[in-house]
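The primary structure of each chain is shown beneath.
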Amino acid sequence: MDRRSFIRKNGQFTLLAPLIPFTVDGFSGFSREAQKPEWLKEMIANNDKAVKRIAERYVNQPSSPYYGAVLDAQDMPSPHAATSFLKTGICSLISTESQFHNDRDLVEKLGRTAGFLLNLQHADGTIDLLSTNFHSTPDTGFIVKWLSPVWRLLDKSTVSEKKEILEPLYQFLIQAGEALKVGGIHTPNHRWVVCAALAELYKIKKDPGYLQRAERWLMEGIDMDSDGQYEEKSSYIYSSLSNRVLISIARSFDKPELLDHVRKNLEMNFYYLHPNGEIVTEASGRQDNSIIGTLENYYYPYRYLALKDDNGQFAAACRLIEDTAFEKTTGFLYYFLEDPELWKDLPATDPLPVDYARTFENSKLTRIRRGAYDASILAGSTVFFTFHKKQVALQGIRFASAFFGKGQFSADSFREENGKYVLTSYLEGPYYQPFPKDKIPGDGVWSKMPRSERPQSEVQQLSSKVTISEVDGGFLLDIAIQGTDHVPVAVELIFRPGGTFVGTVPHEQLEDVVYLKEGKGKYSSGESTIHFGPGIHEHRWVQIRGALPKMDAPTAFLTGFTPFHHQIRIS
């Protein structure tokens, strides 16, 4: 019988209770409560705040069909919302420093939520990600990798009546494990999520099928390029996730060689840092592209390997996270509660690089850092240049021309030439002649006479070239667009909200839009200022036909016509 079809349903977990091993294989137990460091106590206090927030969405009406559920942001009872409450609640429940330690009301609520989660589980062991994936093995994997560690923590705790939570949760995990042994995935990182979920389950039940399935996925090899980046290039979300799950796999299945991939990515990240501790996201191929992200998702990998390797730079990254994003590390509390080795003091700090120019060819990204400011140059992206200081950011520069509705610049070639960075693109705008006589279908249907088979004429051309060079305190951008004359051009300088312009002229109608008509402009936020210019203003058209919509951010426009040749200094 197919192993995905044998699993019972309806949450009658009592039949499994005699089989639940309330001593975890290979886990040394949780102790040394009194020795928790102050940072961990702070993390527990932050977790308590999260418990309160999540509990506000707990369904506490016995008459409700959703009794015991947790509603998500769309007011739907979802497996992920339930998991969030279970993961967060159990971490507080087992921590003596928590205001919820051994809290009877919380035990009852978490027990109901565990039962509700079990009822949401399909007969094949999977759950749904209601926003997109149904009967989803990878999303089941995410939940298993979150819940297995807290199950172990609760199992080893002294919490009263803990079986109210442990029993339904155990059945959920074991049933999910059967799905993970056979189910498929969608994305590169899903492979390692599933493997990590199997690895975490392996600490609860030494099922050889868990290891065998993980080995099958691992045969494909880790998707890391020569730069140290994973396939999805998702520097905020999925690269950090891949690091965390590879550590889980390495530790549970005794595969220390996997840690080399983690180390390589963590080292690469040193060159992805802005002066304020944020991480570059513009090269991502996933939903975190161009978002504002800090390093909190990397705290566990950096701390684990800083201590394991006695690595001062990894320790420096930990301290940077503690200074800039510590509260956002709370969701990873379970790692630190389960492993007292992580409570040790970090090694002494070795400085992180702050003066470099480095190209990551696989990501089509060049990173330049000069102390208090940095820049990113991106090929193959409509945003081809960013510039950051500690409290202010030029989030991007892009430009478009009204060239047959397809003039949004995105470089199709990139090269470094005598210390300068050159991005180019070439476009053609043809007209089309009558369809060949011998191919005319005779019914007048336009789609049967495609442009690809028509002779072209009056072919217009447009070449764009951006040359970026370093100058004292910043950069010089030389923008040259030529080929077809009198084509309107608009250059956008897109800043992060929260600052103020000086030296610019407000747009007549559009909010948060200014012209730099002449001279220099500046944009300031906090104690940081970005200077830009000189300006040029030959027309008022900023929403060029065929260009991407204006971003929801303060934007300065420079406008002109082809042949367009203008230099902009950024400092």
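What you are looking at is a predicted structure, and each value in this text was computed from that prediction instead of being measured.

Conventions we followed
Residues numbered from 1 in each chain as written. Predicted model: local features only at pLDDT ≥ 70, side-chain atom pairs only at ≥ 80, totals over all residues. Heavy atoms only, no water. Helix = DSSP H or I, 4+ residues; strand = E, 2+ residues; numbered from the N terminus. Buried < 20%, exposed > 50% of the residue type's maximum accessible area, 1.4 Å probe, protein only. Pairing = 2+ DSSP bridges. Axes fitted to C-alpha atoms, helices over the stretch in contact; angles between N-to-C directions. pLDDT = per-residue confidence, 0-100. Contact = heavy atoms within 4.5 Å. Patch = residues over 30% accessible without salt bridge, like charges linked within 9 Å, V, L, I, M, F, W, Y side chains within 5 Å. Areas by Shrake-Rupley, 256 points an atom, 1.4 Å probe, with all protein chains shown as cover. Salt bridge = Lys/Arg side-chain N within 4 Å of Asp/Glu carboxyl O. Phe/Tyr/Trp six-rings, centres within 6.5 Å; stacked < 30°, edge-to-face > 60°. Lys NZ or Arg CZ within 6 Å of the ring centre and 35° of its normal.

**Thoughts on the environment of leucine 169**
Mapped onto the elements of the fold, leucine 169 is located in helix α5 (residues 163-180). Judged by its relative accessible area of 0%, leucine 169 is buried. Taking the C-alpha atoms as reference points, leucine 169 and tryptophan 151, separated by 18 residues in sequence, lie 7.4 Å from one another.

**A look at the sheet that holds strand β20 (residues 564-570)**
Read across the open sheet, the 8 strands follow the order β9-β10-β11-β12-β20-β18-β17-β14; overall the sheet is antiparallel. Two strands close off the open sheet at either side, each with one partner strand: β9 (413-417) and β14 (500-502). Strand-to-strand, the axes of this sheet are offset by a mean angle of 20°, without reference to chain direction. Where strand β17 (residues 521-525) meets strand β18 (residues 528-533), 5 bridges bridge the pair, whose relative direction is antiparallel. When the bridges of β18 are listed, tyrosine 523 appears paired with isoleucine 530.

**Things to note about the confidence of the model for the protein**
Averaged over all residues, the pLDDT of the protein equals 94, while 94% of them reach at least 70. The low-confidence segment residues 1-19, where pLDDT is below 50, has 39 contacts with residues more than four positions distant or belonging to other chains. Low pLDDT (under 50) marks residues 21-33, which in the prediction has 35 contacts with non-local residues, meaning those over four places away or in another chain.

**Overview of the pairing of β20**
What you see with β20 is a clean split: Phe564, His566, Ile568 and Ile570 sit on the buried side and His565, Gln567 and Arg569 on the side with no burial. Here strand β12 (residues 474-482) runs beside β20; their pairing, made up of 7 bridges, is antiparallel. Opposite alanine 480, over in β20, you have histidine 565 as the bridge partner.

**Overview of a nonpolar patch on the surface**
Together, Met76, Leu130 and Phe134 make up a nonpolar patch on the protein surface, roughly 260 Å² of accessible area in all. You can see leucine 130 is positioned in the loop between β1 (127-129) and β2 (133-136). The partly exposed category is assigned to leucine 130, whose relative accessible area is 31%.

**Topic: the packing of aromatic side chains**
A full pass over the atoms with the stated rule returns 35 aromatic pairs. Note on phenylalanine 270 and phenylalanine 314: the rings are 6.1 Å apart at their centroids and 55° apart in plane angle, and the pair reads as tilted. Here phenylalanine 270 is found in the loop between α9 (259-269) and α10 (299-309), whereas its partner phenylalanine 314 is found in helix α11 (residues 312-324), with 44 residues between them in sequence. Across the pair, phenylalanine 314 and phenylalanine 270 agree in class, each one buried. The interplanar angle of 70° and the centroid separation of 5.8 Å between the aromatic rings of phenylalanine 404 and tyrosine 431 together place this pair among those described as edge-to-face. Of this pair, phenylalanine 404 sits in the loop between β7 (393-401) and β8 (407-408) while tyrosine 431 sits in strand β10 (residues 420-432), placing them 27 residues apart in sequence. Here the aromatic cluster, defined as three or more aromatic residues joined through ring pairs, consists of Trp39, Tyr299, Tyr300, Tyr304, Phe326, Phe332, Tyr334, Tyr335 and Phe336. Cation over ring: lysine 206 sits above tyrosine 202, and NZ or CZ is 5.0 Å from the ring centre. Here arginine 358 stacks its cationic end above the ring of tyrosine 271, 3.8 Å away from the centre of that ring.

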